[in-house]
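# Tertiary structure, described
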Amino acid sequence: MKITKTLFLLFALIATTATFAQDKKPASPAATTTGKINGANITINYSSPGVKGRTIYGELVPYGKIWRAGANAPTTLETDKTLKIEGKELPAGKYAVYVIPEKDSATVIFGKDPSVGFNKYNEELDALRVKVKTKKSKQLTERLVYTINKNSITLSWEYTDISLKVK
C-alpha cells in the first residue's frame, strides 16, 4: 500500500511539473516583422526581450560594444530586392543585424553571414554599416520591437528608437 501511495505521489509530482513547464513563456519570445518598402519584401526575425525594470542602453546593452539587436540568436533581415539604407546599397539577401549603441547615436551593421552571432562577429563580413542618430521616446516600449514603415525600419526598446531611412 505504501509503495502505491509513493508511486501515485511521484506520478502526480511529475505530471504537475510537466504541466507548469509547458505553460512557461520564454523570457524573449521569437518574433517576425514583415513589410514592403519600394516593392522590396522585407522580413526581420528576432527575439523580443523585455525591459523588466532594467536600464537597457548603457547598462544591459553597453555603449560602444556590439550587440545582436535582439536576444537568444542573431537577428536577421532578409530582402528580395536591393535596398538603399541611409543612402547606401544593401543587395538582396539575408543578413545578420548588429548594433553598436552610443548615448545619442547607433551604428547599425548588416553582416553577410546571418548565422554569426555577435560573439563571433567579424568586421570583414560586413555588407553594410551605417551610423544614425537615436531618438528618445517619452513612452516606454517594454518589449523590443522592429517596425517596417513606408520608408524606414525602426528598432524600438525602452525609451530609444533607432530608425533607418530606407528606399
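Up top is the structure these notes are about.
Since this is a predicted model, take the numbers as computed values, not measurements.

## Details of the packing of aromatic side chains
Taken as a whole, this structure holds five aromatic pairs when the rule is applied. Ring geometry for Tyr57 and Trp157: centres 6.4 Å apart, planes at 85°, overall edge-to-face. One end of the pair, Tyr57, is in the loop between β2 (40-47) and β3 (75-79); the other, Trp157, is in strand β10 (residues 152-165), with 100 residues separating them in the sequence. Residue classification places Tyr57 among the buried positions, given a relative accessible area of 8%. A centroid spacing of 5.9 Å and a plane angle of 10° characterise the contact between Trp67 and Trp157, whose relative ring orientation is stacked. With Trp67 in the loop between β2 and β3 and Trp157 in strand β10, the pair connects residues that are 90 residues apart, well separated along the chain. No difference in accessibility class separates Trp67 from Trp157, as the two residues are buried. An aromatic cluster is built from Tyr57, Trp67 and Trp157, whose rings are joined through pairwise contacts.

## Some words on the environment of Lys165
Along the chain, Lys165 falls in strand β10. In sequence terms Lys165 and Asn151 are 14 residues apart; their C-alpha atoms lie 6.0 Å from each other. Lys165 has contacts with Lys84, Ile85, Glu86 and Asn151, leaving out every residue within four places of it along the chain.

## Examining the side chain of Asp161
Summarising the element assignment, Asp161 is placed in strand β10. Summary of buried charges: Asp161 has no salt-bridge partner, and the nearest side chain of opposite charge, Lys135, is 5.2 Å away. A polar side-chain atom of Asp161 sits 2.7 Å from a polar atom in the side chain of Ser156.

## Examining the pattern of salt bridges
Inspection of every chain in the model, using the stated rule, returns one salt bridge. The residue Asp126 makes a salt bridge to Arg129 at a minimum N-O spacing of 3.1 Å. Asp126 gets classed as buried once you look at its relative accessible area, which sits at 16%. When its relative accessible area of 31% is taken as the criterion, Arg129 is described as partly exposed.

Thresholds applied
Residues numbered from 1 in each chain as written. Predicted model: local features only at pLDDT ≥ 70, side-chain atom pairs only at ≥ 80, totals over all residues. Heavy atoms only, no water. Phe/Tyr/Trp six-rings, centres within 6.5 Å; stacked < 30°, edge-to-face > 60°. Helix = DSSP H or I, 4+ residues; strand = E, 2+ residues; numbered from the N terminus. Buried < 20%, exposed > 50% of the residue type's maximum accessible area, 1.4 Å probe, protein only. Contact = heavy atoms within 4.5 Å. Lys, Arg positive; Asp, Glu negative; His and termini not counted. Salt bridge = Lys/Arg side-chain N within 4 Å of Asp/Glu carboxyl O. Polar contact = N/O pair within 3.5 Å; in protein donor to acceptor, adjacent residues only side chain to side chain.

Worth remembering: the numbers are spatial, not functional.
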